[in-house]
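Next come the chains, spelled out residue by residue.
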Amino acid sequence: MTRTLMLLLGVLAATAVPAQAAPIEFLPIGTWQGQVTAGQDPPHEATFQFTGAGKVCLTFGRPGEASGSGTGTWHRAGPNQFTYALTHDVNLPDGTLVAYVTVHHTASQHRDRFTSFGRTDVTDPDGKPVKTVQSSVIATRTGQTHPACE
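Rules behind the numbers
- Throughout this description, residue numbers start from 1 for each chain and increase along the sequence as written.
- In view of the model being predicted, local features appear only for residues whose pLDDT reaches at least 70, and side-chain atom pairs are presented and counted only at 80 or more, with totals across whole chains, interfaces and linings using the full set of residues.
- With hydrogens and water set aside, each side-chain value is computed from the structure's full complement of heavy atoms.
- In this scheme, a residue with accessible area under 20% of its type's maximum is buried, one over 50% is exposed, and one in between is partly exposed, where area comes from a 1.4 Å probe on protein chains only.
- Note on terminology: disulfide denotes any pair of cysteine sulfur atoms within 2.5 Å.
- A helix here means a DSSP run of H or I that spans at least four residues, while a strand means a run of E at least two residues long, and both kinds are numbered starting from the N terminus.
- At least two bridges found by DSSP between two strands are what make those strands a pair.

### Some thoughts on unusual backbone geometry
Now for step 1: Look at Asn80: it is not a glycine, yet its phi comes out positive at around 60°.
Now for step 2: Even without a glycine there, the phi angle at Arg111 is positive, about 50°.
Now for step 3: For Arg111, a relative accessible area of 41% puts it in the partly exposed group.

Below is the structure:
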């Protein structure tokens, strides 16, 4: 009887434990360094941060180059897939705001690498449409910590 009771308690305990979320290696959580290609523009480097709460942050640019930053959201879209949307600014080296860029991408992830494709909409600082182009990202995870991007 004691053995049966122990077995029953073990089964109940096992079923009461909530299912674990996917391991971080199968989620985009962390910091990524990526190569961004948008339309006919030359490719550029960007840093992406994906949080466990569904936020994505992007920064790009080096001293003396155009730069920008922005935020958005990401959502899991299936096994090894996610979508993200974000808006960032584009500033000249002197700090002059020249555009806003909105990105809508679908990504495929294989552990510490993702590729994404989608649409990029560019507006001028007043919000008037400038162009819409297809864009892509190839990125490698550089850190698996839970970033607290702003």
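Once the structure has been displayed, the description carries forward.
### Notes on the state of the cysteines
Now for step 1: Counted according to the given criterion, the structure contains 1 disulfide.
Now for step 2: The side chain of Cys57 participates in a disulfide bridge whose partner is Cys149; the two sulfur atoms lie 2.1 Å from each other. Judged by the torsion about the S-S bond (80°), the Cys57/Cys149 disulfide is right-handed. Taken as a pair, Cys57 in strand S3 (residues 55-60) and Cys149 in the segment after strand S8 (129-143) lie far apart in primary sequence, 92 residues in all. With respect to burial, Cys57 and Cys149 carry one shared label: buried.

### As for the pairing of strand S6 (residues 97-110)
Now for step 1: Here 11 bridges tie strand S5 (residues 81-91) to S6, and the two strands are oriented antiparallel to one another. Paired with Val90 across the strands is Ala99, a residue of S6.
Now for step 2: Turn length for the S5-S6 hairpin, with the two strands adjacent in sequence and antiparallel, is 5 residues, and the turn residue Gly95 shows positive phi of about 95°.
Now for step 3: Where S6 lies against strand S7 (residues 113-123), 11 bridges are found, and the strand directions are antiparallel. Its bridge partner being in S7, Gln109 is matched across the sheet by Phe114.
Now for step 4: The hairpin formed by S6 and S7 contains 2 residues between the paired strands, and Arg111 there has a positive phi angle of roughly 50°.

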